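Per-entry structural report
Okay, here's what each chain looks like letter by letter:
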Amino acid sequence: MPNRTSRLALAAAGVTVVLWASAFVSIRSAGAAYSPGALALGRLLAGSLVLGVVLLIRREGLPPRAAWKGIAVSGLLWFGAYMVVLNWGEQEVDAGTAAMVVNIGPILIALLGAKVLGETLPPRLLAGMGVSFAGAVAVGLSMSGGSGESHASVLGVVLCLLAAMAYAGGVVAQKPALAHGSALQVTTFGCLVGTVACLPFAGQLVEEAAEAPLSATLNMVYLGVFPTALAFTTWAYALARTTAGRMGATTYAVPALVVLMAWVLLGELPALLTLGGGALCLAGVAVSRSRPKAAVAAPAGSAESAARQEPTARQGSSAQQEPAAPQESA
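Residues numbered from 1 in each chain as written. Predicted model: local features only at pLDDT ≥ 70, side-chain atom pairs only at ≥ 80, totals over all residues. Heavy atoms only, no water.

**Notes on the overall build of the protein chain**
The criterion, for reference: Put simply, DSSP marks the helices as runs of H or I at least four residues long and the strands as runs of E at least two long, and each gets a number from the N terminus on. Accessibility here uses a 1.4 Å probe with only protein chains present; expressed as a share of the type maximum, an area under 20% marks a residue as buried, one over 50% as exposed, and anything in between as partly exposed. Here a residue-residue contact requires only that any non-hydrogen atoms of the pair lie within 4.5 Å. The protein chains shown are the only cover counted for residues, whose accessible areas, like all others here, come from Shrake-Rupley with a 1.4 Å probe.
Scanning the protein chain from terminus to terminus reveals 14 helices and zero strands. The helix and strand sequence of the protein chain, counted from the amino end, reads α-α-α-α-α-α-α-α-α-α-α-α-α-α. Counting only residues that meet the buried cut, the protein chain has 45% of its 330 residues in that class. Taking all contacts inside the protein chain whose residues are at least 6 apart in sequence as the whole, residues at least 24 apart take part in 92%. Split by element, the accessible area of the protein chain, about 16,500 Å² in all, is 67% carbon and sulfur.

**Quick notes on the packing of helix α7 (residues 154–177) against helix α10 (residues 214–239)**
Here is the rule we go by: Under this scheme, a helix contributes an axis fitted over its contacting stretch, all axes are lines through C-alpha atoms, and angles between N-to-C directions fall in the 0 to 180 degree range. Oblique is the label for any angle not under 35 degrees, not over 145, and not in the 65 to 115 range, which are roughly parallel, roughly antiparallel and roughly perpendicular in turn. Helix crossings fall into two classes, left-handed where the near helix is turned counterclockwise from the far one by less than a right angle and right-handed where it is turned clockwise.
Viewed as axis vectors pointing N to C, α7 and α10 meet at an angle of 55°, and their least axial separation amounts to 10 Å. Judged by the angle between their axes, α7 and α10 are oblique. The crossing of α7 and α10 is right-handed. Along its contact with α7, which presents Y167, V171, Q174 and K175, the element α10 presents W235, A236 and L239.

**Some remarks on the packing of aromatic side chains**
Inclusion rule: Any two of the Phe, Tyr and Trp rings considered here, Trp counted by its six-membered ring, make a pair once their centres fall within 6.5 Å; the pair's planes then place it as stacked at under 30 degrees, edge-to-face at over 60, or tilted in between. Lysine and arginine charges are scored as sitting over a ring when NZ or CZ, respectively, is within 6 Å of the ring centre and within 35 degrees of the ring normal.
On inspection of all chains with the given rule, the structure shows eleven aromatic pairs. Residues W68 and F189 carry aromatic rings whose centres are separated by 5.3 Å and whose planes lie at 70° to one another, so their mutual orientation is edge-to-face. A residue pair is termed long-range when its members are at least 10 positions apart, and W68 in helix α3 (residues 68–92) and F189 in helix α8 (residues 183–197) qualify at 121 residues. A centroid spacing of 4.8 Å and a plane angle of 55° characterise the contact between W78 and F232, whose relative ring orientation is tilted. Here F232 lies in helix α10 and W78 lies in helix α3, a separation of 154 residues in the sequence. Both residues of the pair, W78 and F232, count as buried. One aromatic cluster in this structure is built from W20, W78, F79, Y82, Y167, F232 and W235. The ring of Y237 carries the charged tip of R241 above its face, separated from the ring centre by 3.7 Å.

**Some points on the pattern of salt bridges**
As a reminder, the rule being used: Should a side-chain nitrogen of Lys or Arg be within 4 Å of a carboxyl oxygen of Asp or Glu, the pair is scored as a salt bridge.
The final tally for this structure, using the stated rule, is one salt bridge. A salt bridge links R58 to E60; the nearest nitrogen and oxygen atoms lie 2.9 Å apart.

**Side note on the packing of helix α2 (residues 36–58) against α10**
The description of two helices packed together rests on the angle between their axes and the distance between the axes. Here is the rule: Under this grouping Gly is polar, as are all residues other than the nonpolar Ala, Val, Leu, Ile, Met, Phe, Trp, Tyr, Cys and Pro and the charged Asp, Glu, Lys and Arg.
Running from amino to carboxyl end, α2 crosses α10 at an angle of 55°, the nearest separation of the two axes being 7 Å. Between α2 and α10, the angle is such that the two are oblique. Here the hand of the crossing between α2 and α10 comes out right-handed. Facing α2, whose interface residues are A38, L39, G42, R43, A46, G47, V50 and L51, α10 presents M220, V221, L223, G224, V225, P227, T228, A229, F232 and T233. Residues belonging to the contact of α2 with α10 are distributed by class as follows: twelve nonpolar, five polar and one charged.

**Topic: the confidence of the model for the protein chain**
Low-confidence regions, as indicated by low pLDDT, have predicted coordinates that should not be scrutinised in detail. The condition that has to hold: Every residue gets a pLDDT, meaning the predictor's confidence in that residue, from 0 to 100.
In this model, the protein chain carries an average pLDDT of 82, and 81% of its residues clear a pLDDT of 70 or more. Of all secondary-structure elements in the protein chain, the lowest mean pLDDT belongs to helix α14 (residues 293–321), at 45, while α8 reaches the highest, 98. Per-residue pLDDT stays below 50 along residues 146–151; that stretch engages in eight contacts with residues further than four places along the chain or on separate chains. Note that residues 295–330 has pLDDT below 50 and, in this model, one contact with residues that lie over four places away or in other chains.

Written out as structure tokens, the structure is:
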């Protein structure tokens, strides 16, 4: 069962990464017709509608009270602030600069996870993140077209940095909530919190939707249904079954997939530096998610050691059971 659960969590993380990578292609189209706040609100409205219907069909109801703090914080930071600030930042800087700055997010997640959640930082995780970050920098440099062609501003860099911080804070806040609520509950109500936070952009959304081409609106709806409703749910499912640092490192596969999708869907032939950076991103993810051979081999030998300790455990338990009086549960 643990192996099956880990495989399902890995598959869920894979779905998330692929859909988040596809979002870059859709944002490029929708962002030409919608302002940052309006695009975020339209995306969140579509996502909230889909998630709400699924929640009602599954009859999961409201999440427990203990989950609400994490839901509220992650909803404000990740679903709300992150989407608006990132949309704005990508209007001020080129894609390469944005990729380099935003990709400090997984590093911040690992550090915050260690500080706030008490998660460990295994050497393989740190090494994999270092390799992937180097790959993200290579992809960013290749996409920026060099310093002469890149379009960047101090405001854009600051916005992308704020987006990375909001992303990291949202992930770390969401992790404890998943100990009390289901992935669907945490995602649905986090998305609703973000939607409420973006309601001040409702006027812009109405005005821009009346003039936007159908393709831009369809891309906005796609962003809400798949990269938001579906991908954030599969992300929460996987996050509940692993550490925040390891999940954050998994998102380093996004730049490599964006390069591949741009090649296939947009006909943009990647440069050698881009391909090399994408390969580094994937290699770093593989390293960060790998486990030492000793840890993998431990379960095989644990059965034998447990068998040797079983007689002793029985004696100890039987000795403790005789004098023990019944206790009330706390």
